Amino acid sequence: MKLLNGLAASLSALLGPQTARATAADAAKPPGAAARHRHATEAMSDFGRDYGPNDPVTSAPGLIWPCPCGGTPVMRFELHDEASREPYHFVQCVLCDREGRPALLPWEAVAEWDRAYPNLKVTMGSFPFFMIGELSPRDARTRLLSIRHDLERRRAETKLRSREGVVVGKRYRERIDAYLRWTIVAQSLATAHLRLQQRELAEGAVAFRGAKAPNLVPSLGQPECSA
Ligand SMILES: [Zn+2]
């Protein structure tokens, strides 16, 4: 039941306003177009996944991870050029001036920064999307890969439907893109935790061998001559 509730919540988070807009828009269209639109939104509503309660676009500004130097990064923006007046965003550390890759949208800039600088103080349990907190880093990576493939398929379907003339809301497309980017950030974090785990295991094994059988080391003798 908990899973179903979570699923319903994530679906409504993903599709809520989109569905309402679709209904209003359908009324103004010929019946054929409305039917095609309904078909598109219904087909895309069966995500079958719980991505958590957080919004992948609007919650991004609060998700900038600390800089590896320990400093606090902030969001900045600059203009592409004087002609287009189009701003781009990037995250920059106030202490060491390190910059994340620039992006058009703020949430993209946050995801770029977090992907590039996974912070091990961010536990898997505190990652705000995809409900991966109770998984080991290895299992989390497996789940994330599956979610990523699913989202990529959804995005491809959306593009195909757009080409067929089916109206797919900009908000819906942006949320698919944002979730996709967050899967990549989560994979980066899971990989960092997995490496840490492996390093700690290796160090633990060395310490254990050293503590249990310190007298084995002299018995290895001199290395054999390979000539
Ligand atoms: Zn820094």
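Residues numbered from 1 in each chain as written. Predicted model: local features only at pLDDT ≥ 70, side-chain atom pairs only at ≥ 80, totals over all residues.

**Student:** Help me understand the overall build of the chain, please; the structure alone is not making it clear to me.
**Tutor:** For the chain, the count of helices and strands is six helices and two strands. Each helix and strand of the chain, placed in order from N terminus to C terminus, yields the pattern α-α-β-β-α-α-α-α. Residue burial in the chain is summarised as follows: out of 227 residues, 22% are buried. Considering only residue pairs separated by 6 or more positions, the chain has 63% of its internal contacts joining residues 24 or more positions apart. (Helix = DSSP H or I, 4+ residues; strand = E, 2+ residues; numbered from the N terminus. Buried ≥ 20, exposed ≤ 12 C-beta atoms within 10 Å, placed from the backbone. Contact = placed C-beta atoms within 7 Å.)

**Student:** I would appreciate a short explanation of the confidence of the model for the chain in the present structure.
**Tutor:** Interpretation of the predicted coordinates at a detailed level should be avoided for regions scoring low in pLDDT. Within the chain, residue pLDDT values average 77, and 70% of them lie at 70 or more. Per-element mean pLDDT across the chain ranges from 37 in helix H1 (residues 2–27) up to 96 in helix H3 (residues 106–116). Predicted confidence is poor over residues 1–47, with pLDDT under 50, and the contacts of this stretch with residues over four places away or in other chains come to 38 contacts. (pLDDT = per-residue confidence, 0-100.)

**Student:** I'm lost on the environment of leucine 145 in this one. Help?
**Tutor:** Among the secondary structure elements, leucine 145 is positioned in helix H4 (residues 137–163). Expressed as a C-alpha distance, the spacing of leucine 145 and threonine 183, which sit 38 residues apart in the sequence, is 7.8 Å.

**Student:** Could you clarify how one ought to interpret H4 in this entry?
**Tutor:** Because each turn of an α-helix spans 3.6 residues, side chains separated by three or four positions in sequence point in the same direction. The terminal C-alpha atoms of H4 lie 39 Å apart, and with 27 residues this matches the ideal 39 Å at 1.5 Å per residue to within 8%. Inspection of H4 places Ala140, Leu144, Ile147 and Leu151 among the buried residues, and these make up the whole buried set. Positive backbone phi, at 95 degrees, marks glycine 165, one or two positions downstream of H4. (Expected span 1.5 Å × (residues − 1).)

**Student:** Looking at this structure, I do not really get the nonpolar core. What am I missing?
**Tutor:** Nonpolar side chains in soluble globular proteins tend to be buried together. Within the largest apolar cluster, 32 residues are counted, with the highest numbers of intra-cluster contacts made by Val110, Phe130, Leu144, Trp182 and Ala186. It is helix H5 (residues 170–212) that contributes the most residues to this core, nine residues altogether. Domain assignment of the residues forming this core places at least three in each of domain 1 (2–62 + 118–209) and domain 2 (66–117). Each residue touching valine 110, except ones within four places of it in the same chain, is listed here: Ala60, Pro61, Leu63, Ile64 and Val91. (Core = buried A, V, L, I, M, F, W, Y, C linked by C-beta atoms within 7 Å. Domains from an automatic or database assignment.)

**Student:** Could you clarify how one ought to interpret the environment of glycine 100 in this entry?
**Tutor:** Looking at the secondary structure, you find glycine 100 in the loop between strand S2 (87–93) and H3. In this structure the C-alpha to C-alpha distance between glycine 100 and phenylalanine 90, which are ten residues apart in sequence, comes to 5.8 Å. Each residue touching glycine 100, except ones within four places of it in the same chain, is listed here: Phe90, Val91, Ala109, Glu112, Trp113 and Ala116.

**Student:** Can you help me understand unusual backbone geometry in this one?
**Tutor:** Apart from glycine, the bulk of residues carry a negative phi angle, and the bulk of peptide bonds sit in the trans form. The backbone of aspartate 97 sits at a positive phi, close to 70 degrees, despite the residue not being glycine. Relative to the helices and strands, aspartate 97 resides in the loop between S2 and H3. In this structure aspartate 97 comes out as exposed when scored by C-beta crowding, with 10 C-beta atoms within 10 Å. The backbone of phenylalanine 130 shows a phi angle near 75 degrees, a positive value even though the residue is not glycine. With respect to the helices and strands, phenylalanine 130 occurs in the loop between H3 and H4. C-beta crowding within 10 Å serves as the criterion here: with 23 such atoms nearby, phenylalanine 130 is assigned to the buried category.

**Student:** Can you walk me through H3 in this structure?
**Tutor:** Of all eleven residues in H3, eight are buried, a share of seventy percent or more. The set of residues buried in H3 consists of Trp107, Glu108, Ala109, Val110, Ala111, Glu112, Trp113 and Asp114.

**Student:** Any chance you could explain the environment of arginine 98 here in plain terms?
**Tutor:** Tracing the backbone through its elements, the reader meets arginine 98 in the loop between S2 and H3. What arginine 98 contacts, discounting residues up to four positions off in sequence, is Cys67, Cys69 and Cys93.

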